[in-house]
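Descriptive structure summary
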Amino acid sequence: MKILSCSDLTKIFRSQQGDVLALDGVTFSVEDSEFISLIGPNGCGKTTLLKLIAGLNQPTSGNISIATPEADTHLPAVMVFQDHGLFPWMTVQANVAFSLEMQGISARQAQDRARALVEQLGLGEFTHSYPHQLSGGMCQLTALGRAFLANSSLLLMDEPFRALDAQVRYLLQEELLRLWQAQNKVILYVTHDISEAVLLSDRILVMSGRPGHIREQIHIPFQRPRQLRGRDASAAAEIEAKIWSIMEKDVRLNLKVPK
Amino acid sequence: MTGQLSRVETMQGRWMAFLLALGGLGLWEISSRLGLISDLFFPAPSSIIRMMIDLVFSGVLLEHLAATCGRLFLGLIMGVLPATVLGLIMGWSSRVRAALDPFVAALHPVPKIAILPLIMVIFGIGETSRLVVIAIAGFFPMLINTMVGVMQISPSLFEVAANFGARPVQIFRRVVIPGSLPMGVSGFRLAFNNALIISVAIELVTARRGLGALIWLAWETFRIEQLYAGLVMIALLGIGFNALLKRLSIYLIPWQENIIT
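Residues numbered from 1 in each chain as written. Chains lettered and ligands numbered in written order. Predicted model: local features only at pLDDT ≥ 70, side-chain atom pairs only at ≥ 80, totals over all residues.

1. Examining the overall build of chain A
A count of helical and extended segments in chain A gives seven helices and nine strands. The C-alpha atoms of chain A give a radius of gyration of 19 Å, which matches the 18 Å a tight globule of 259 residues would have. C-alpha extents for chain A along the principal axes are approximately 50 × 45 × 40 Å. In chain A, which comprises 259 residues, the proportion classed as buried is 43%. (Helix = DSSP H or I, 4+ residues; strand = E, 2+ residues; numbered from the N terminus. Rg over C-alpha atoms; globule rule 2.2 N^0.38 Å. Buried ≥ 20, exposed ≤ 12 C-beta atoms within 10 Å, placed from the backbone.)

Here it is, written out as structure tokens:
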């Protein structure tokens, strides 16, 4: 079943300095339970595309359709932000429960389910801590939990692990895959990191430089669960090299664009 | 963090302050008794304390204190409640803010005691006029702080809430109110301090009862100890309430990293 399809999306940002064509004819579609990464040079419009799909912004032309089941509390798409977006005035548990309460689930039930998930994520001892008392990794993990409890089959992630150090990022990538495998959700994952994209995705959409469009789609053939640090490592390197060869020209071009 | 004192340094500072105060009072006491300074203007601290004790036991001080507290808190509530509601709305809606901001900017800097005569023309000579002026004095700091409190909530948190399907009422309850609470609490302290100043000023001018009236009466009858006793009482009222609010804000805002005081 198709969960998301974008056809011929164009986005023009109008300003006094002139119009900027950010996206130019983006077309792709996503099937049920797929993990898709969007990769491309800086400023290619990845975040813009995500915001269009999230409904935070409107495309100039083109069409986005998201399959929504019958339930009226169902959300078309839920975003995970780079800066985790936790409410500073809510504890870890309350932040996770927020997602459930907005679906109309009673406060007590929401708190119970949130507590269970927080423990499952290994954050049991921080259930009643506030975000400022947590590390960046724990905050992002809480944000992931909150997003997965939302009543939506489409999760949009905008470089959620960018601010984390490499080791913590590795742990959170595994946690993300675990959460995803336990549930039937589509993830659309924006990243700069080629090897992260290869590790996580079923399919990678490689974008061009501005104006962004999809240069190529790459299927990742590895079985799940992934073992990119073991079994699949050499094959992964091959794919990474291929993606780089697609992107290299755009990135070089990007280097010369003045700020 | 720079500028942050360690626990030991804070304790040392407290002791230093305590000793300084004790030393100052001792010096005052001695100079007054030896006649180095006129005890007409600067009566010895011991005689001020004696006067306070007399005033407490005769019930006079409590009567005046009760009068001040009564109108202070009633007026404060009258000002702070509408200010909170309006501040939340002005902070949340840029359209309402744009429409009302000029009025706030124009009215806020007016010294509130200066409008007392006008208010008395409108509401008559009596308690109502006093309460209205005290309410106005508390209104503006609460309004401005609450408004800024909402405005400084990160816009991404509004996006997050909407993204999870929160309706406007829910955003108001779960984002706008808690997000503005830290600034709101400090606004309440500013409102209290403003209202205290104005209460005393009004009492100096118009009232028969209240700490301001007590001081004025002491001046008219040249009872300097009583004048000092009234001042000390006002200071204690301010200090006590500020300390209480500081304590309260730790319970109200448990997510604050360090309470700004």
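Further notes follow.
2. A few points about the overall build of chain B
Of regular secondary structure, chain B possesses 10 helices and zero strands. Shown N-terminal to C-terminal, the secondary structure of chain B runs as helices and strands in the order α-α-α-α-α-α-α-α-α-α. Within chain B, the proportion of its 261 residues that are buried is 35%. Of the contacts formed within chain B by residues at least 6 apart in sequence, a portion of 70% connects residues at least 24 apart. (Contact = placed C-beta atoms within 7 Å.)

3. A few points about the sheet that holds strand β5 (residues 78-80) of chain A
Residues and elements named next belong to chain A. Taking strand neighbours across the sheet as the criterion, the six strands line up as β5-β6-β7-β3-β8-β9 in an open arrangement whose pairing is mixed. This sheet does not close on itself; its edge strands, each paired only once, are β5 and β9 (214-219). Mean inter-strand twist for the sheet, computed between neighbouring axes without regard to direction, equals 20°. Of the pairings in the sheet, the one linking strand β3 (residues 35-39) to strand β7 (residues 186-191) comprises five bridges and is parallel in character. Of the residues in β7, the one forming a bridge with isoleucine 36 is leucine 188. (Pairing = 2+ DSSP bridges. Axes fitted to C-alpha atoms, helices over the stretch in contact; angles between N-to-C directions.)

4. Thoughts on the domain arrangement of chain B
Residues and elements named next belong to chain B. When its domains are assigned, chain B resolves into domain 1 (1-42) and domain 2 (44-252). Look at where the C-alpha atoms of domain 1 and domain 2 centre, and you get two points 29 Å apart. Counting from both sides, the interface comprises eight residues of domain 1 and, opposite them, four residues of domain 2. Its residues assigned to classes, the side of domain 1 that touches domain 2 comprises four nonpolar, one polar and three charged. (Domains from an automatic or database assignment. Nonpolar A, V, L, I, M, F, W, Y, C, P; charged D, E, K, R; others polar.)

5. Focus on the confidence of the model for chain A
Mean pLDDT for chain A: 87, with 95% of residues reaching 70 or above. In the model of chain A, helix α7 (residues 233-255) of chain A stands out as the element of lowest mean pLDDT, 84, in contrast to helix α2 (residues 92-101) of chain A, which has the highest, 94. (pLDDT = per-residue confidence, 0-100.)

6. Topic: the interface of chain A and chain B
Each side of the interface is counted separately: chain A has 18 residues, and chain B has 14 residues. The set of elements that each furnish at least two residues to the side of chain A that touches chain B consists of β5 and α2 of chain A. Within the side of chain A that touches chain B, the residues separate by chemical class into 13 nonpolar, four polar and one charged.

7. Concerning the sheet that holds strand β1 (residues 2-13) of chain A
Residue and element names in this part refer to chain A. Taken together, the three strands give an open sheet; going across it, the order is β2-β1-β4, and neighbouring strands pair in antiparallel fashion. Two strands in the sheet have a free side with no partner beyond their single neighbour: β2 (20-31) and β4 (61-66). For this sheet, the mean angle separating the axes of adjacent strands, direction not counted, is 15°. With five bridges connecting them, β1 and β4 associate as antiparallel partners. Pairing of threonine 10 across the sheet is with serine 61, part of β4.

8. Observations regarding the pairing of β9 of chain A
Residues and elements named next belong to chain A. One ladder, built from five bridges, connects strand β8 (residues 203-207) with β9; its direction is antiparallel. Its bridge partner lying in β9, methionine 207 is registered against isoleucine 214. Linking two consecutive strands that pair antiparallel, namely β8 and β9, is a turn of six residues.

9. A word on helix α3 (residues 107-120) of chain A
Helical geometry: 3.6 residues make up each α-helical turn, so side chains three or four residues apart lie on a common side. Residues and elements named next belong to chain A. For α3, which comprises 14 residues, the first-to-last C-alpha distance of 20 Å matches the rise-based estimate of 20 Å (1.5 Å per residue) to within 8%. Residues of α3 that are buried include every one of Ala110, Ala114, Leu117 and Val118, and no others. With its buried residues spanning 100° around the axis, α3 presents them on a single face. Turned more than 90 degrees off the buried face of α3, the exposed positions are Arg108 and Gln109. Considering only its buried residues, α3 is in contact with α2 and α4 (136-149). Looking one or two residues past α3, glycine 122 carries a phi angle of roughly 80°, positive in sign. (Expected span 1.5 Å × (residues − 1). Arc of directions from axis to C-beta.)

10. Comments concerning the confidence of the model for chain B
Fine structural detail should not be taken from predicted coordinates in areas where pLDDT scores are low. Taken residue by residue, chain B gives an average pLDDT of 91. The fraction at 70 or more is 97%. Scoring the predicted complex yields pTM 0.84 and, for the interface, ipTM 0.85.

11. Some remarks on the nonpolar core
The biggest cluster of nonpolar side chains holds 129 residues, and the ones touching the most others in it are Leu156 and Leu188 of chain A. In terms of residue count, helix α6 (residues 127-151) of chain B provides more of this core than any other element does, 13 residues in total. Dropping the residues within four chain positions of it, leucine 156 of chain A is found in contact with Leu50, Ile53, Ala54, Ala77, Met79 and Leu188 of chain A. (Core = buried A, V, L, I, M, F, W, Y, C linked by C-beta atoms within 7 Å.)

12. Quick notes on the environment of serine 156 of chain B
Considering the arrangement of structural elements, one finds serine 156 of chain B in helix α7 (residues 155-163). Among the residues examined, serine 156 of chain B registers 15 C-beta atoms within 10 Å and is labelled partly exposed. C-alpha separation for the pair serine 156 of chain B and glycine 179 of chain B, spaced 23 residues apart in sequence, amounts to 12 Å. Residue contacts for serine 156 of chain B: discarding those within four places in its chain leaves Phe81, Asp83 and Gly85 of chain A.

13. With respect to α7 of chain A
Residues and elements named next belong to chain A. Taking the largest bend as the criterion, α7 deviates by roughly 45°, centred on methionine 247. Those residues of α7 lying buried are Ala236, Ile239, Ile243, Met247 and Asp250. If you follow the buried residues of α7, they end up packed against β3, α6 (194-200), β8 and β9. (Bend = angle between axes of the 7 residues up to and from the residue.)

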